[in-house]
Each structure stands twice: as structure tokens, then as C-alpha cells.
Amino acid sequence: MKRVMLFGTFDILHAGHLYVFKKAAKLGSVTVVVARDNRVKKIKGQSSIHSERERAEILGHIDLIDKVVLGSPDNDVYRIIKKERPDIIVLGYDQNHFVDQLQEKIIEYGLKTKIIRLKPRKEAAHKSGKIRRKILENL
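Quick caveat, the model's predicted, so the values are computed rather than measured. (Residues numbered from 1 in each chain as written. Predicted model: local features only at pLDDT ≥ 70, side-chain atom pairs only at ≥ 80, totals over all residues. Heavy atoms only, no water.)

K.L.:
Tell me what's going on with the sheet that holds strand 3 (residues 67–70), and back it up with residues and numbers.
P.N.:
Pairing is parallel in the open sheet, where 5 strands are placed in the order 3-2-1-4-5. Lying at the two open borders of the sheet, with one neighbouring strand each, are strand 3 and strand 5 (114–117). In this sheet, neighbouring strand axes are inclined to one another by 25° on average, regardless of whether the strands run parallel or antiparallel. Note: strand 1 (residues 3–8) against strand 4 (residues 88–91), 3 bridges, orientation parallel. Of the residues in strand 4, the one forming a bridge with Leu6 is Val90. Of the strands in this sheet, strand 1, strand 2 (29–34), strand 4 and strand 5 are in contact with helix 1 (residues 15–27), which crosses strand 1 at around 160°. (Pairing = 2+ DSSP bridges. Helix = DSSP H or I, 4+ residues; strand = E, 2+ residues; numbered from the N terminus. Axes fitted to C-alpha atoms, helices over the stretch in contact; angles between N-to-C directions. Contact = heavy atoms within 4.5 Å.)

Right, dumping it as C-alpha cells:
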């Protein structure tokens, strides 16, 4: 079975995430790499609602996911690729952090990993930032 890898924050899970998990599961055994808290704050400019451990625990209860790991504590986002050696990396339609060197790192590690970028399902509705803003507006 092929090894499939996904990366993300996964702070507010929604139907768009399930869509990605379903697509990935059709390709093989799914490993999800959860972004570290300090990385989330650096990239998004704000802390996540749930801690990295909470996010990992929640994802661990989703049957479409076979393995959940935390990203590297030193923020070397590529290290887990070298360690896990995925056959496929699935990227969300809007995932643009760390992807600029992704292909080069795959080659450097001697891997033949295929990169698949998914199309959005319902971009206007299924986006964590939009959902978070909507929640905060209604508080």
C-alpha cells in the first residue's frame, strides 16, 4: 500500500478537511503531520485555538487517518519527509508554506515521492480562517 502524507494545522476541522482526508485515503495509508504551535503562530500570525497535542489527538480519532505525527520541534518541515519516506504528498489547494523547496528536498533525499495538489471543494465555505472569523463575530 502506498504511503500518503498530508501537512497542516487542522485547528478547526471542517468538511473541507474531511474531503482532503477522503481523497488521500483513496491513494493509500494516510499520515498526517500536525504543525507545531510555534510554527502556526509564525505562519498565521496568531495562535491556534487548540494546542498541537490536542489537534493531534482529535485527528487520531478520524478513521480515514492511519497515523498522526507532530512536525519537527526545530521547525525543519522537511525532516519528517526524509524519515517517513512517503510515496505521495497531498497538498491542499491553498497550501503554500514550505512547498517552494519541496521538490528539491524530495530529490535530495533520494525519494520518488509524487506531489498531488487538490482542488478546493467549497472554497468559500470550507476555510478555517473564514470559519474562525465567523465564530468570533458571533461571540
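K.L.:
Could you give me a rundown of helix 3 (residues 52–59), with the residues and numbers involved?
P.N.:
Turning to helix 3, its buried residues are Glu52, Arg55, Ala56 and Leu59. The arc enclosing the buried residues of helix 3, seen along the axis, measures out at 100°, which places them on a common side. Those residues of helix 3 that are exposed and aimed more than 90 degrees away from the buried face are Arg53 and Glu57. Buried-residue contacts for helix 3 involve helix 1, strand 2, helix 2 (37–44) and strand 3. (Buried < 20%, exposed > 50% of the residue type's maximum accessible area, 1.4 Å probe, protein only. Arc of directions from axis to C-beta.)

K.L.:
Give me the lowdown on the environment of Asp76, citing residues and values where you can.
P.N.:
Checked against the element boundaries, Asp76 lands in the loop between strand 3 and helix 4 (79–84). On the basis of relative accessible area, Asp76 is assigned to the partly exposed category, the value being 28%. Remark: the alpha-carbon pair of Asp76 and Phe98, spanning 22 residues in sequence, is separated by 9.7 Å.

K.L.:
Requested: an account of the side chain of Thr31, with residues and values cited.
P.N.:
Here Thr31 is to be found in strand 2. By relative accessible area, Thr31 is classed as buried at 10%. Apart from residues lying up to four places away in sequence, Thr31 is in contact with Val4, Met5, Leu6, Lys67 and Val69.

K.L.:
If you had to explain the pairing of strand 2 to someone new, which residues and values would you point to?
P.N.:
Within strand 2, 5 of the 6 residues are buried, which leaves it mostly tucked inside the rest of the structure. Judged from the 6 bridges that link them, strand 1 and strand 2 form a sheet pairing that is parallel. Considered in strand 2, the bridge of Leu6 is made with Val32. For the segment spanning strand 1, helix 1 and strand 2, crossover handedness is right-handed. (Right-handed = clockwise from strand over helix to strand, strands pointing away.)

K.L.:
With reference to specific residues and values, describe a positive patch on the surface.
P.N.:
Taken together, Lys22, Lys23, Lys26 and Arg121 make up a surface patch of like positive charges. Positionally, Lys26 belongs in helix 1. By relative accessible area, Lys26 is classed as exposed at 71%. (Patch = residues over 30% accessible without salt bridge, like charges linked within 9 Å, V, L, I, M, F, W, Y side chains within 5 Å. Areas by Shrake-Rupley, 256 points an atom, 1.4 Å probe, with all protein chains shown as cover. Salt bridge = Lys/Arg side-chain N within 4 Å of Asp/Glu carboxyl O. Lys, Arg positive; Asp, Glu negative; His and termini not counted. Charge placed at Lys NZ, Arg CZ, Asp CG, Glu CD.)

Limitation: the analysis is restricted to geometry and does not speak to function.
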